[in-house]
Amino acid sequence: MHNMIWVIGCNGMLGTQLCRALKENDLDFVGTDRNVDMTSFDSLSSFAEKESSGEKKISAIVNCAAYTAVDKAESEPDFAQKLNAEGPKNIASLAKKLSVPLIHISTDYVFDGTGSTPRSEDDAIAPLGVYGVTKADGEKAVMGETDAFYILRTAWLYGWDGKNFVYTMIRAMNSRESVKVVSDQRGTPTFCGTLSSVIIQILRRAVDFGSHDGEKPAPIPYGIYHVTDEGETTWFDFTREIKTQAEKCGLLTNTACKVNACTSEEYPTPAKRPAYSVLSKQKIQDALGFKLPQWQESLTEFLQSPLCKL
């Protein structure tokens, strides 16, 4: 029997990157997006049944699908709840039925953003807005349905495929005299490539793909893990670094654009953002035995790649 990974949300920013990385690592997978309704257990179950017939068998599920429009969630709470909590509940329930591990992606928004030291996995959650609440409900739903889970909380995610802050800011700087960015929210920009490589390391330990040299490392314990790049910054300083690096790469055509700081109060949004949402990555680094890259290094990798499409 041939083991393969099921990537749910394969057309999103993270899902696309993960599928690319699985291909590069010669790991077999199947991807679904809106063609399989994750808010319907029957829809998920019938797909799994169809895919597991014959020589191939689903041996792990990675859920990259989510409602991620943070501000829009404030006016669409039911829809956000369906995608961020009901969907994961169904996926976790199916994972249990299939006796396979589930990797589920969550967020720094489950925290309230108070404090000034990196949050650990054991810290109490207290989401501020609809998006955070629905993602927290998703975590609870996953934990309530299966014991074989990896919940990976990430933050400030950007990638080559789809809308993200880096693309938005470069385009804005190329078309305006100045941009205004909040300087009182601290966190860690995270490249999808970093998160994808961690997911693959977890999968390699959790699933037998039948082609490893020497002894296969032991699976890492199930549970919640924080996965972002290393370091911390503000959106304002992140933008300044984007400007510096984009200029070096020749992606910034309007080098005269000024980057100005403002407060969250001066730039009100429907959803309140956590003021401090740096996550401690010690647990995942200890478990996998490697160091995560600094966010500045990951930004360089992102911008210098031919996959970077502005």
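Above this text sits the structure in question.
All of the points below concern the structure found in this document. (Residues numbered from 1 in each chain as written. Predicted model: local features only at pLDDT ≥ 70, side-chain atom pairs only at ≥ 80, totals over all residues. Heavy atoms only, no water.)

1. Regarding the overall build of the protein
Then, number 1: A tally of regular secondary structure across the protein gives nine helices and twelve strands.
Then, number 2: For 310 residues, the compact-globule estimate of 2.2 N^0.38 gives 19 Å, and the protein sits close to it at 19 Å.
Then, number 3: In terms of overall dimensions, the protein has a C-alpha envelope of 60 × 40 × 35 Å along the principal axes.
Then, number 4: Sequence separation of at least 24 residues holds for 83% of the intrachain contacts in the protein that already meet a minimum separation of 6.
Then, number 5: Roughly 14,000 Å² of accessible area belongs to the protein as shown, and the carbon and sulfur atoms make up 49% of that amount.
Then, number 6: The averaged location of the 40 negative side-chain charges in the protein is 3 Å from the averaged location of its 33 positive side-chain charges. (Helix = DSSP H or I, 4+ residues; strand = E, 2+ residues; numbered from the N terminus. Rg over C-alpha atoms; globule rule 2.2 N^0.38 Å. Contact = heavy atoms within 4.5 Å. Areas by Shrake-Rupley, 256 points an atom, 1.4 Å probe, with all protein chains shown as cover. Lys, Arg positive; Asp, Glu negative; His and termini not counted. Charge placed at Lys NZ, Arg CZ, Asp CG, Glu CD.)

2. Some thoughts on unusual backbone geometry
Then, number 1: The backbone of Ser 99 shows a phi angle near 55°, a positive value even though the residue is not glycine.
Then, number 2: Here Ser 99 is to be found in the loop between α3 (77-98) and β4 (102-107).
Then, number 3: On the basis of relative accessible area, Ser 99 is assigned to the exposed category, the value being 65%. (Buried < 20%, exposed > 50% of the residue type's maximum accessible area, 1.4 Å probe, protein only.)

3. Section: helix α4 (residues 130-145)
Two residues of an α-helix separated by three or four positions point the same way, owing to the 3.6 residues in each turn.
Then, number 1: Helix length check: α4, at 16 residues, gives a terminal C-alpha distance of 22 Å against a target of 22 Å (1.5 Å per residue), a fit within 8%.
Then, number 2: Listing the buried residues of α4 in full gives Val 130, Tyr 131, Gly 132, Thr 134, Lys 135, Ala 136, Gly 138, Glu 139, Ala 141 and Val 142.
Then, number 3: Of the surrounding secondary structure, the elements contacted by the buried residues of α4 are α3, β4, β5 (149-154) and β10 (223-226). (Expected span 1.5 Å × (residues − 1).)

4. Examining the nonpolar core
Then, number 1: In terms of nonpolar packing, the biggest core is built from 32 residues, with Ile 103, Leu 152, Ile 199 and Ile 284 touching the most fellow members.
Then, number 2: Counting only elements with at least two residues in this core, the list comes to β1 (2-8), α1 (13-24), β3 (56-63), β4, β5, α6 (192-206) and α8 (282-288).
Then, number 3: At seven residues, the largest contribution of residues to this core is made by α6.
Then, number 4: The residues touching Ile 199, leaving out its near neighbours within four places in the chain, are Leu 18, Val 62, Ile 103, Ile 105 and Leu 152.
Then, number 5: Residues Met 38, Tyr 67, Ala 73 and Val 130 belong to the second largest nonpolar core, which totals 31 residues. (Core = buried A, V, L, I, M, F, W, Y, C linked by side-chain atoms within 4.5 Å.)

5. With respect to the packing of helix α5 (residues 165-175) against helix α7 (residues 235-249)
Then, number 1: Viewed as axis vectors pointing N to C, α5 and α7 meet at an angle of 65°, and their least axial separation amounts to 10 Å. As the angle between them shows, α5 and α7 are arranged roughly perpendicular. The handedness of the crossing between α5 and α7 comes out as right-handed. Contacts between α5 and α7 involve Phe 165, Val 166, Met 169, Ile 170 and Met 173 from the former and Trp 235, Phe 238, Thr 239, Ile 242, Lys 243 and Ala 246 from the latter.
Then, number 2: When its residues are assigned to classes, the contact of α5 with α7 shows nine nonpolar, one polar and one charged. (Axes fitted to C-alpha atoms, helices over the stretch in contact; angles between N-to-C directions. Parallel < 35°, antiparallel > 145°, perpendicular 65-115°, else oblique. Left-handed = near helix turned anticlockwise from the far one by under 90°. Nonpolar A, V, L, I, M, F, W, Y, C, P; charged D, E, K, R; others polar.)

6. Some words on the packing of aromatic side chains
Aromatic ring pairs are described here by two measures, namely the spacing of the ring centres and the angle between the planes.
Then, number 1: Under the counting rule described, the total for this entry stands at 17 aromatic pairs.
Then, number 2: When the ring of Tyr 158 is compared with that of Phe 191, the centres are 5.8 Å apart and the planes differ by 25°; the resulting orientation is stacked. Linking Tyr 158 in strand β6 (residues 157-158) with Phe 191 in strand β9 (residues 190-191), this pair joins segments that are 33 residues apart in sequence. You'll find Tyr 158 and Phe 191 in the same group, each marked buried.
Then, number 3: Site record: aromatic cluster; members linked through ring pairs are Trp 156, Tyr 158, Trp 160, Phe 165, Tyr 167, Phe 191, Trp 235, Phe 238, Trp 295 and Phe 302.
Then, number 4: When the ring centre of Tyr 225 is taken as origin, the NZ or CZ atom of Lys 283, which lies over that ring, is 4.5 Å away. (Phe/Tyr/Trp six-rings, centres within 6.5 Å; stacked < 30°, edge-to-face > 60°. Lys NZ or Arg CZ within 6 Å of the ring centre and 35° of its normal.)

7. A look at the environment of Ile 91
Then, number 1: Structurally, the position occupied by Ile 91 is in helix α3.
Then, number 2: Look past the residues within four positions of Ile 91 in its chain and what remains in contact with it is Ile 8, Met 38, Leu 44, Ile 61, Asn 63 and Leu 102.

8. Side note on helix α9 (residues 295-304)
Then, number 1: Turning to α9, its buried residues number three or more, namely Trp 295, Ser 298, Leu 299, Phe 302 and Leu 303. An end-on view of α9 places all buried positions within 130° of arc, on one side of the element.
Then, number 2: Of the surrounding secondary structure, the elements contacted by the buried residues of α9 are β6, α5, β9, α6, β11 (233-234) and α7. (Arc of directions from axis to C-beta.)

9. Description of the environment of Gly 223
Then, number 1: Residue placement: Gly 223 occurs in strand β10.
Then, number 2: It is 17 Å that separates the C-alpha atoms of Gly 223 and Phe 111, two residues lying 112 residues apart in sequence.
Then, number 3: If we skip the residues at most four places from it in the chain, Gly 223 touches Phe 149, Tyr 150 and Ile 151.

10. Some words on the sheet that holds strand β2 (residues 29-32)
Then, number 1: Read across the sheet, six strands follow the order β2-β1-β3-β4-β5-β10 without closing on themselves; strand pairing throughout is parallel. Two strands close off the open sheet at either side, each with one partner strand: β2 and β10. Put simply, the sheet's adjacent strands are angled 25° from each other on average, direction ignored.
Then, number 2: Looking at chain direction, β1 and β2 are connected through four bridges and run parallel. Within β2, the position partnered with Val 7 by the bridge is Gly 31.
Then, number 3: The strands that helix α2 (residues 41-51) touches are β1, β2 and β3; relative to β1, the one it contacts most, it runs at about 155°. (Pairing = 2+ DSSP bridges.)

11. Details of the side chain of Arg 153
Then, number 1: Along the chain, Arg 153 turns up in strand β5.
Then, number 2: Among the residues examined, Arg 153 registers a relative accessible area of 2% and is labelled buried.
Then, number 3: A polar contact of 3.1 Å, which involves the side chain of Arg 153, links it to the side chain of His 226. (Polar contact = N/O pair within 3.5 Å; in protein donor to acceptor, adjacent residues only side chain to side chain.)

Any functional reading would require information that these geometric values do not contain.
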